[in-house]
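Understanding the architecture of this molecule
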Amino acid sequence: MEEKPSVKFFIVQTIISGLPLALIMTISASILGGAGINSRILPLTIVAFILVCVINALFPIPKILEGFPQKFGLNPNSLPGILVGNLAVNFIFTTIINFVLTLINVPKFPDMIFAFLQLYIPIFIISYIVSLIIAPIAAKVAMSIDKH
């Protein structure tokens, strides 16, 4: 029987993967939105990181990473399976975080919808690439800390 990861594992993994993802999404959105690097980056990064934590708590991310590739007949541990699983998870994170950050920055409707749609694909691509790089590192560190 496979051992279920501990709470410590999920906390460490969320911090290690969530902070860079939140920072990259915030900086990318700010630059792509035309605001550049400014004083709002830090508070918005904190909001984005809180959202990462909430998403991790509300969604069965490990099950999605495993189950989504299987729907396409892919082994979730193979490279194609990892790429497809990360697409689903990145969709969840990018959609929620980008929507909330856009709502904070552009609270006026319908401008908010246009701003969200304008930045969605570039932010999705950037977040996807970052998550593919950071996720295995976070998992390894979390596993090593979890064993101690």
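**Description of the overall build of the chain**
Assigned secondary structure in the chain consists of five helices and zero strands. Secondary structure elements in the chain, listed N-terminal to C-terminal, are α-α-α-α-α. Against the compact-globule benchmark of 15 Å for 148 residues, the chain has a radius of gyration of 16 Å, which places it among compact chains. Considering only C-alpha atoms, the chain reaches an extent of 50 × 35 × 25 Å along its principal axes.

**Here's the deal with unusual backbone geometry**
Here the bond from F109 into P110 is cis, since omega is 5 degrees, no more than 30 degrees from zero. Mapped onto the elements of the fold, P110 is located in the loop between α4 (79-105) and α5 (111-146).

**Side note on the side chain of S30**
Within the fold, S30 resides in helix α1 (residues 7-32). Among residues more than four places away in sequence, those in contact with S30 are A35, G36, I37, N38 and I41.

**A short note on the side chain of S127**
Looking at the element boundaries, S127 is found in helix α5. Accessibility expressed as a relative area gives 0% for S127, which makes it buried. With residues up to four places along the chain from it excluded, the contact list for S127 reads L21, M25, N90 and T94.

**What about the packing of aromatic side chains?**
By the definition in use, this model includes six aromatic pairs. The interplanar angle of 50 degrees and the centroid separation of 5.4 Å between the aromatic rings of F116 and Y120 together place this pair among those described as tilted. Taken as a pair, F116 and Y120 lie in helix α5 at a separation of four residues, close to a single helical turn. Taken together, F99, F116, Y120, F124 and Y128 form an aromatic cluster joined through their ring pairs.

Thresholds applied
Residues numbered from 1 in each chain as written. Predicted model: local features only at pLDDT ≥ 70, side-chain atom pairs only at ≥ 80, totals over all residues. Heavy atoms only, no water. Helix = DSSP H or I, 4+ residues; strand = E, 2+ residues; numbered from the N terminus. Rg over C-alpha atoms; globule rule 2.2 N^0.38 Å. Contact = heavy atoms within 4.5 Å. Buried < 20%, exposed > 50% of the residue type's maximum accessible area, 1.4 Å probe, protein only. Phe/Tyr/Trp six-rings, centres within 6.5 Å; stacked < 30°, edge-to-face > 60°.

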